[in-house]
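Examination of the molecular architecture
Given next are the chains, with one letter for each unit.
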Amino acid sequence: MKIELAIVEDNEFLVKSITEKLSLFPDKFKIVFVGRNGQEIVDYLVSNQKKPDVILMDIEMPVMDGIRATEIISEKYPEIKIIMLTVFDDEEKIFNAIKAGASGYLLKDEPVERILENIEIVLLGGAPMSATIAAKTLQLLKRSEKSSTTEKNNTYNLSKREIEILELLKQGYDYNRAAEQLFISPFTVRKHIENIYRKLQVNNKMQAVQKAIQNKIIK
């Protein structure tokens, strides 16, 4: 049974390259739609009862970008697999694409043969990613886990700035040096420290730092 594909890409050269390669496998793949932006694929899905199995989706496009289109499609048609095919490997776009519901994330400089291979992988339940994307995703997950742990341990409702000041106090910074480091006034630092003492229910810097370390708010 042929895999039916939709390509959403405003780069005509890339569209032509992919379609030419796909034409070498007429028994495997069939392109049912080519769109130039996210709105076009959303409109196509609304007006056509038969849906593609996989969508190759660019990110930066006019009218509606690929992340927003992925979000809409994933919500309305969760059975459709979406592979982001893009030049962007920055963490924010990776995170937003995964959060929107993308099943895979490949860079456009991947050989077309690998893209075709990953189309089959995603239909088998896999989540294909370019090597550099996989590495960045792992870093994202590690940072997210660390942030989650910090929030869990921060039962005293300390703000991000207050935690930063605690870190500096641990390193022996006084009000003036902490102010210079954070680009704020010594008066502001003093107010933050007053709030820290009140929230941690301590009376001095040493007690504040010790309690923060004990509760794993800082290391």
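As a starting point, this report considers the structure included with it. (Residues numbered from 1 in each chain as written. Predicted model: local features only at pLDDT ≥ 70, side-chain atom pairs only at ≥ 80, totals over all residues. Heavy atoms only, no water.)

1. Re the overall build of the chain
From N to C terminus, the chain includes 10 helices and five strands. The buried share of the chain, taken over its 219 residues, is 42%. At a minimum sequence separation of 6, the contacts of the chain that also span at least 24 residues come to 64%. Surface exposure of the chain reaches about 12500 Å², of which carbon and sulfur atoms provide 51%. (Helix = DSSP H or I, 4+ residues; strand = E, 2+ residues; numbered from the N terminus. Buried < 20%, exposed > 50% of the residue type's maximum accessible area, 1.4 Å probe, protein only. Contact = heavy atoms within 4.5 Å. Areas by Shrake-Rupley, 256 points an atom, 1.4 Å probe, with all protein chains shown as cover.)

2. Digging into the packing of aromatic side chains
Under the defined criterion, the tally for this structure stands at two aromatic pairs. Relative to phenylalanine 29, the ring of phenylalanine 25 has its centre 6.4 Å away and its plane inclined at 90 degrees; by these criteria the two rings are edge-to-face. Centre to centre, the rings of phenylalanine 33 and tyrosine 44 are 4.4 Å apart; their planes meet at 25 degrees, and the pair counts as stacked. Here phenylalanine 33, found in strand β2 (residues 29-35), pairs with tyrosine 44, found in helix α2 (residues 38-47); they are 11 residues apart in sequence, far enough to count as distant. Under the relative-accessibility criterion, phenylalanine 33 is labelled buried at 14%. Positioned above the aromatic ring of tyrosine 173 is the side chain of arginine 177, whose terminal nitrogen or guanidinium carbon lies 4.0 Å from the ring centre. (Phe/Tyr/Trp six-rings, centres within 6.5 Å; stacked < 30°, edge-to-face > 60°. Lys NZ or Arg CZ within 6 Å of the ring centre and 35° of its normal.)

3. Remarks on the pattern of salt bridges
Tallying each qualifying case throughout the model produces 12 salt bridges. Note that lysine 50 is salt-bridged to glutamate 4, the shortest N-O span being 3.7 Å. Taken together, the positions of lysine 50 in the loop between α2 and β3 (54-57) and glutamate 4 in strand β1 (residues 3-8) put the pair 46 residues apart, joining distant regions of the chain. For glutamate 167, the salt bridge goes to lysine 170, with nearest N and O atoms at 3.5 Å. Taken as a pair, glutamate 167 and lysine 170 lie in helix α7 (residues 160-170) at a separation of three residues, close to a single helical turn. (Salt bridge = Lys/Arg side-chain N within 4 Å of Asp/Glu carboxyl O.)

4. Comments concerning the side chain of lysine 108
Along the chain, lysine 108 turns up in the loop between β5 (104-107) and α5 (112-123). In this structure the side chain of lysine 108 is engaged in a polar contact, spanning 3.2 Å, whose partner is the side chain of aspartate 58. Filtering out sequence-adjacent residues up to four positions away, lysine 108 remains in contact with Glu9, Leu14, Asp58, Leu85, Thr86 and Val87. (Polar contact = N/O pair within 3.5 Å; in protein donor to acceptor, adjacent residues only side chain to side chain.)

5. Brief notes about the sheet that holds β2
Ordered by their spatial adjacency, five strands build an open sheet running β2-β1-β3-β4-β5, and the pairing between neighbours is parallel. Of all strands in the sheet, those with a lone pairing partner are β2 and β5, marking the two edges. Shown here is a sheet whose adjacent strand axes are inclined to one another by a mean of 25 degrees, direction ignored. Bridging between β3 and strand β4 (residues 81-86) involves four bridges; their strand directions are parallel. Bridge pairing links leucine 56 to isoleucine 83 in β4. Taken strand by strand, helix α3 (residues 66-76) contacts β3 and β4, and its axis lies near 175 degrees from that of β4. (Pairing = 2+ DSSP bridges. Axes fitted to C-alpha atoms, helices over the stretch in contact; angles between N-to-C directions.)

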